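Structural features, examined
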Amino acid sequence: SYVIDQQTVVNPMLSQMQASNIVQTISDLSNNYSNRYYQTSGGSNASDWLKNKWLTMANGRTDITVEQFTHSGWKQKSVIATIKGTDNGSEIVVLGGHLDSINQSGTSETTRAPGADDDASGVASLTEIYRTLLASNYKPRRTIKFMAYAAEEVGLRGSAEIANSFSAAGANVVGVMQLDMTNYKGSASDIYIFTDYTDSAQNTFVTNLIKTYLPTLTVGTDRCGYACSDHASWNAKGYATTMPFESSMSGDNKNIHTANDTLANSDSTGAHSLKFARMGLAYAVELGSDGP
Ligand SMILES: N[C@H](Cc1ccc(I)cc1)C(=O)NO
Ligand SMILES: [Zn+2]
Ligand SMILES: [Zn+2]
């Protein structure tokens, strides 16, 4: 029942969201570490940095916890921020992106893999949604979890461990949105909803969210043809996922997985990412506001 009925809450928040904040986070993640590879110190240090950033932003709110998910076979930890629901907390909404980066030529301690678009842009979009919800003192009825996954580039390994853990615990995750690459406008439409490894009813809901809250944006659809990001880990466990992407398959960012995946080689104003952050905020509030 994907009812859209939170306009009085969502619209004031949308106008508070700023591309400059997204640009800052992309810059921090892509410039302060040689790479964020799942096996290097940069990968681990970026995880610690994000955990501290999200914790500081929580500013002592007792309904918010920020944790690192320790993985079984590698150093880099995933980061999870949880806003506990008020009266329907057992139902969980997940918004995710991935923290790690990779250089297709091989990634050692000093290899340059800025990963500005893939996927600092997604993590930065998540961070701006999180910041805006907190600034508005929003208290969701459902639990909302922001996840920055480790080890996506090496087989969706961080999200697989997390999704499997949530499934084993019988967690009632009502929806998952994946933001992987949001800041390179490679094609005509603004947002492309991918139709494989996702849930069609939720995809329709997200398309309606864009029509309702971001009516000037144009929407397309496409397919990856393979398990192309972390939403596939949740889809594999039967959870409803949506993967809004920055471009069509044919317009994809050719700089990813190289030293040239930089802010300068994507949208240096962050305007493209802001579209995804606004869509994600609407998703978080509309789903997060539902009672039992
Ligand atoms: N393969 C994905 C990126 C990716 C996803 C979809 C399309 I079309 C092109 C590229 C990846 O590298 N995720 O980190
Ligand atoms: Zn990638
Ligand atoms: Zn990615």
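Throughout what follows, the structure given in this document is the object of discussion. (Residues numbered from 1 in each chain as written. Chains lettered and ligands numbered in written order. Predicted model: local features only at pLDDT ≥ 70, side-chain atom pairs only at ≥ 80, totals over all residues. Heavy atoms only, no water.)

Time to look at the overall build of the protein. Secondary structure assignment for the protein yields eight helices and nine strands. What you see for the protein is a C-alpha radius of gyration of 17 Å, in line with the 19 Å of a compact globule of 292 residues. With respect to the principal axes defined by its C-alpha atoms, the protein has extents near 50 × 40 × 35 Å. When burial is assessed residue by residue, the protein has 60% of its 292 residues classed as buried. The long-range share in the protein, meaning contacts at least 24 apart out of those at least 6 apart in sequence, stands at 85%. Counting every atom, the protein has about 10,500 Å² of accessible surface; 48% of that belongs to carbon and sulfur. Across the protein, the 21 positively charged side chains and the 28 negatively charged ones have centroids separated by 4 Å. (Helix = DSSP H or I, 4+ residues; strand = E, 2+ residues; numbered from the N terminus. Rg over C-alpha atoms; globule rule 2.2 N^0.38 Å. Buried < 20%, exposed > 50% of the residue type's maximum accessible area, 1.4 Å probe, protein only. Contact = heavy atoms within 4.5 Å. Areas by Shrake-Rupley, 256 points an atom, 1.4 Å probe, with all protein chains shown as cover. Lys, Arg positive; Asp, Glu negative; His and termini not counted. Charge placed at Lys NZ, Arg CZ, Asp CG, Glu CD.)

Looking now at the site of ligand 1. Close contacts around ligand 1 come from 14 residues, with E152, E153, D180, Y226 and H257 the closest. Taking H98, its side chain carries an N or O atom lying 3.2 Å from an oxygen atom of ligand 1. Between ligand 1 and H257, the relevant distance is 2.8 Å, taken from an oxygen atom to a side-chain nitrogen or oxygen of the residue. Here ligand 1, which alone exposes 390 Å², has 93% of that area covered by the protein. Judged by the fraction of its atoms near the pocket grid, ligand 1 is located in the largest pocket. Along the lines of polarity and charge, the residues of the shell around ligand 1 split into seven nonpolar, two polar and five charged. (Near = heavy atom within 4 Å. Polar contact = N/O pair within 3.5 Å; in protein donor to acceptor, adjacent residues only side chain to side chain. 1 Å grid on protein atoms, 1.4 Å probe; cavity = no way out; pocket = protein on both sides within 12 Å on 5 of 7 lines; lining within 4 Å. Sits in = over half its atoms within 2 Å of the grid points. Nonpolar A, V, L, I, M, F, W, Y, C, P; charged D, E, K, R; others polar.)

Before going further, it helps to spend a moment on helix α5 (residues 157-168). Counted at 1.5 Å a residue, the expected span for α5 with its twelve residues is 16 Å, and the 16 Å between its end C-alpha atoms agrees. For α5, the complete set of buried residues consists of G158, S159, I162, A163 and F166. The buried side chains of α5 occupy one side of the element, clustering within an arc of 120° when seen end-on. Lining the buried residues of α5 we find β1 (64-69), β2 (78-83), β3 (88-98), β4 (142-149), β5 (172-178) and α7 (231-235). Phi turns positive, to about 70°, at G170, one or two residues after α5. (Expected span 1.5 Å × (residues − 1). Arc of directions from axis to C-beta.)

Turning next to the coordination of the zinc ion (ligand 3). Four donors placed tetrahedrally about a metal ideally form angles of 109.5 degrees, and six donors placed octahedrally ideally form angles of 90 or 180 degrees. Here the zinc ion (ligand 3) is held by the protein donor atoms H98 (NE2), D118 (OD), D180 (OD) and D180 (OD), which lie 1.9 to 2.2 Å from it. Geometry at the zinc ion (ligand 3) is irregular, judged from its six donor atoms and the angles of 30 to 155° they form at the metal. Positions of the donor residues of the zinc ion (ligand 3) along the chain correspond to the pattern H-x19-D-x61-D. (Donors = N, O, S within 2.8 Å, 3.2 Å for Na, K, Ca; no water. Tetrahedral: all angles 85-135°; square planar, octahedral: opposite > 155°, others 65-115°.)

With that settled, the discussion passes to unusual backbone geometry. Each neighbour pair has its own omega, and for D118 with D119 the value is 0°, a cis peptide bond. Summarising the element assignment, D119 is placed in helix α4 (residues 116-135). Even without being glycine, N59 reaches a positive phi, approximately 50°. The residue N59 is located in the loop between α3 (41-58) and β1 in this model. Of note, A151 is a non-glycine position whose phi angle comes to about 55°, a positive value. Looking at where A151 falls in the secondary structure, it is placed in the loop between β4 and α5.

Backbone hydrogen bonds hold the strands of a sheet together, and the pairing may be parallel or antiparallel. Taken in spatial order, the six strands of this open sheet run β1-β2-β4-β3-β5-β8, and their pairing is mixed. The open sheet is flanked by β1 and β8 (241-242), the only strands paired with a single partner. When β2 meets β4, the two strands line up antiparallel, connected through five bridges. Bridging from a neighbouring strand, I83 pairs with I144 of β4. Along the sheet, α4 makes contact with β1, β2, β3 and β4, crossing β3 at roughly 145°. Here helix α8 (residues 271-288) sits on the sheet in contact with β3, β4 and β5, set at roughly 165° to β3. (Pairing = 2+ DSSP bridges. Axes fitted to C-alpha atoms, helices over the stretch in contact; angles between N-to-C directions.)

With eight of its eight residues buried, β4 lies for the most part within the structure. Across eight bridges, β3 lies against β4 in parallel orientation. If you follow G96 over to β4, its bridge partner there is M147. Each parallel crossover has a hand, and the one from β3 via α4 to β4 is right-handed. (Right-handed = clockwise from strand over helix to strand, strands pointing away.)

The next point concerns the coordination of the zinc ion (ligand 2). At the metal site, the zinc ion (ligand 2) is ligated by D118 (OD), E153 (OE), E153 (OE) and H257 (NE2), and these contacts range over 1.9 to 2.4 Å. The coordination sphere of the zinc ion (ligand 2) comprises six donor atoms, whose angles at the metal cover 56 to 157°; the geometry is irregular. For the zinc ion (ligand 2), the donor residues sit on a single chain with the sequence spacing D-x34-E-x103-H. Taken as a pair, the zinc ion (ligand 2) and the zinc ion (ligand 3) lie 3.4 Å from each other and share D118 as a ligand. Of this pair, E153 sits in the loop between β4 and α5 while H257 sits in the loop between β9 (244-245) and α8; the two residues are 104 residues apart in sequence, bridging distant segments of the chain.

Right, let's talk about the environment of D230 for a bit. Note on placement: D230 falls in the loop between β7 (219-222) and α7. Counting along the chain gives 208 residues from D230 to I22, while the straight-line C-alpha distance between them is 21 Å. Residue contacts for D230: discarding those within four places in its chain leaves G97, H98, Y149, E152, L156, S159 and Q178. Here the side chain of D230 touches Q178 through a polar contact of 3.1 Å, side chain to side chain.

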